[in-house]
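Here are the chains, one letter per residue:
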Amino acid sequence: MRRWYGLHEVPPGWGRSVVTIGVFDGVHRGHQHIVGGAVELAKGRGLPSVVITFDPHPDEVVRPGTHPPLLCSPRRRAELLAGLGTDAVMVLPFTLELSRIGPDEFVQSVLVDRLHAAHVIVGENFRFGHKAKGDVALLRELGEKYEFTAQGVPLVTNGETISSSYIRERLSAGDVAGAAEALGRPHRVEGVVVRGHQRGRALGFPTANLETLTHTAIPSDGVYAGWLVCDSDRYPGARWPAAISIGTNPTFEGQERTVEAHALDRDDLDLYGERVAVDFVARIRDTLKFDSIEALIEEMHRDVGRSREITRY
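Residues numbered from 1 in each chain as written. Predicted model: local features only at pLDDT ≥ 70, side-chain atom pairs only at ≥ 80, totals over all residues. Heavy atoms only, no water.

**Quick look at the side chain of E260**
Relative to the elements of secondary structure, E260 occurs in strand β13 (residues 258–263). Reaching out from E260, the side chain makes a polar contact with the side chain of T207 at a distance of 2.9 Å. Within the structure, E260 has its side chain in polar contact with the side chain of T258 (distance 3.1 Å). Sequence-distant contacts of E260, defined by excluding residues within four places in its chain, comprise T207, A208, N209, A243, I244, S245 and N249. (Helix = DSSP H or I, 4+ residues; strand = E, 2+ residues; numbered from the N terminus. Polar contact = N/O pair within 3.5 Å; in protein donor to acceptor, adjacent residues only side chain to side chain. Contact = heavy atoms within 4.5 Å.)

**Points about unusual backbone geometry**
Cis geometry marks the peptide bond from D55 to P56, where omega comes out at 0°. Within the secondary structure, P56 sits in the loop between β3 (49–55) and α2 (58–62). Here V27, not a glycine, exhibits a phi torsion of approximately 45°, which is positive. Structurally, V27 is set in the loop between β2 (17–21) and α1 (29–45).

**Section: the packing of helix α7 (residues 164–172) against helix α8 (residues 176–183)**
The contact between α7 and α8 brings their axes to 7 Å, and the two run at 160°. As the angle between them shows, α7 and α8 are arranged roughly antiparallel. For the pair α7 and α8, the sense of crossing is left-handed. Facing Y166, I167, R170 and L171 of α7, the residues of α8 in contact are V176, G178, A179, A182 and L183. Among the residues making up the contact of α7 with α8, the classes are represented as 7 nonpolar, 1 polar and 1 charged. (Axes fitted to C-alpha atoms, helices over the stretch in contact; angles between N-to-C directions. Parallel < 35°, antiparallel > 145°, perpendicular 65-115°, else oblique. Left-handed = near helix turned anticlockwise from the far one by under 90°. Nonpolar A, V, L, I, M, F, W, Y, C, P; charged D, E, K, R; others polar.)

**Focus: the packing of helix α5 (residues 103–112) against helix α6 (residues 136–146)**
Contact geometry for α5 and α6: axes closest at 11 Å, N-to-C directions at 55°. Taken together, the axis directions place α5 and α6 in an arrangement best described as oblique. The two elements α5 and α6 meet at a crossing, and its hand is right-handed. Taken together, the residues of α6 that come into contact with α5 (itself represented by P103, D104, V107, Q108, L111 and V112) are L138, L139, L142, K145 and Y146. Grouping the amino acids of the contact of α5 with α6 by side-chain chemistry returns 8 nonpolar, 1 polar and 2 charged.

**Concerning the pattern of salt bridges**
Taken as a whole and judged by the stated rule, the model has 17 salt bridges. Linking D25 and R168 is a salt bridge whose minimum nitrogen-to-oxygen distance equals 2.8 Å. Here D25, found in the loop between β2 and α1, pairs with R168, found in helix α7; they are 143 residues apart in sequence, far enough to count as distant. The shortest N-O distance in the salt bridge between D270 and R234 comes to 3.4 Å. Placement of D270 in the loop between β13 and β14 (275–285) and of R234 in the loop between β11 (222–230) and β12 (238–247) is noted, with a sequence separation of 36 residues between them. Judged by its relative accessible area of 46%, R234 is partly exposed. Salt bridges sharing common partners tie together R285, E298, E299, R302 and D303. (Salt bridge = Lys/Arg side-chain N within 4 Å of Asp/Glu carboxyl O. Buried < 20%, exposed > 50% of the residue type's maximum accessible area, 1.4 Å probe, protein only.)

**Remarks on the sheet that holds strand β6 (residues 149–153)**
Spatial ordering of the open sheet is given by β1-β4-β3-β2-β5-β6, a layout of 6 strands whose pairing is parallel. Both edges of this open sheet fall to β1 (2–5) and β6, since each of them pairs with a single strand only. Each strand of the sheet is rotated relative to its neighbour by a mean of 20°, with strand direction disregarded. Bridging between β1 and strand β4 (residues 88–93) involves 4 bridges; their strand directions are parallel. By the bridge assignment for β4, R3 is matched with V89. (Pairing = 2+ DSSP bridges.)

**Section: the environment of D267**
With respect to the helices, strands and loops of the structure, D267 is situated in the loop between β13 and β14. For D267, a relative accessible area of 58% translates into the label exposed. Separated by 234 residues in the primary sequence, D267 and H33 place their C-alpha atoms 42 Å from one another.

**Some points on the environment of V19**
Within the secondary structure layout, V19 lies in strand β2. Residue V19 is classed as buried on the basis of its relative accessible area of 0%. Between the alpha carbons of V19 and D270 there is a distance of 44 Å; along the sequence they are 251 residues apart. Look past the residues within four positions of V19 in its chain and what remains in contact with it is V50, I52, L111, L115, A117, H119, V120 and I121.

**Notes on the sheet that holds strand β9 (residues 187–194)**
Overall, antiparallel pairing links the 6 strands, which are arranged β9-β10-β13-β12-β11-β14 in a closed barrel. Geometrically, the sheet is characterised by an average inter-axis angle of 45° between neighbouring strands, direction not taken into account. With 6 bridges joining them, β9 and β14 adopt antiparallel strand pairing. Paired with E190 across the bridge in β14 is A277. The strands that α8 touches are β9, β11 and β14; relative to β14, the one it contacts most, it runs at about 120°.

Scope: geometric values only; no functional claims are made or implied.
Laid out in structure tokens, this is it:
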């Protein structure tokens, strides 16, 4: 699978291809349906499939300060898209200049001149060009002009339309199971393990304290069951069942919101400086302030027991 960052990385002599375009934040089930359709069509026509995505999120460029919480990092997004069988993923830097070009210029410079699109597949709500003036109908018209066909794919629904906004709402409500159903996998939060107050180790529950990426979509405060994932030289392909805490540690009058994961039955891990991920499976309880350390420890034992049952570990 090829990965390109910008149009200039498309190799000279690149032939015709089937292209799909979108932010694809989260690569949720709706996105998977669109990309899967492009991959299937490309295979049927004997052409390569290309996914175009954007970084940073267009909202941050067009309306600074409105960057939505991201469901996955750009790197993770590219990995997930590659896993759908596409032949190439292009991350197109979204700049103010790009936001100002019209629909016709966007199609000509991106889809025609560089990728030589034979067919373009997008979601039926796809918008493009300056002030989002372009829609699927205009894309079809431009396709006739530039000799490619275009298709708008109906959005996937599950009671409600599956969208990145819907998944963010589920996470904000702490409904990680609902988010996972729409994503087609558990929601993941990535970060580097940094030193915290080390209270967990003192209490008998050592935790990995994540310094998360900017704009990460983090579930609401609470305790969750899930998995702590690490793939490094020290811990290649590691995946441990975990109890995960999000909040300010109110029992200790904490002020800073943290994401901490306790790998079940592991007190021998040295994860400082490691890049890790936390996959959320189920919510166990709200974040609580306890009257004593003893009451907190007792509840943490229950949290570990619930996490063990949920992850079947």
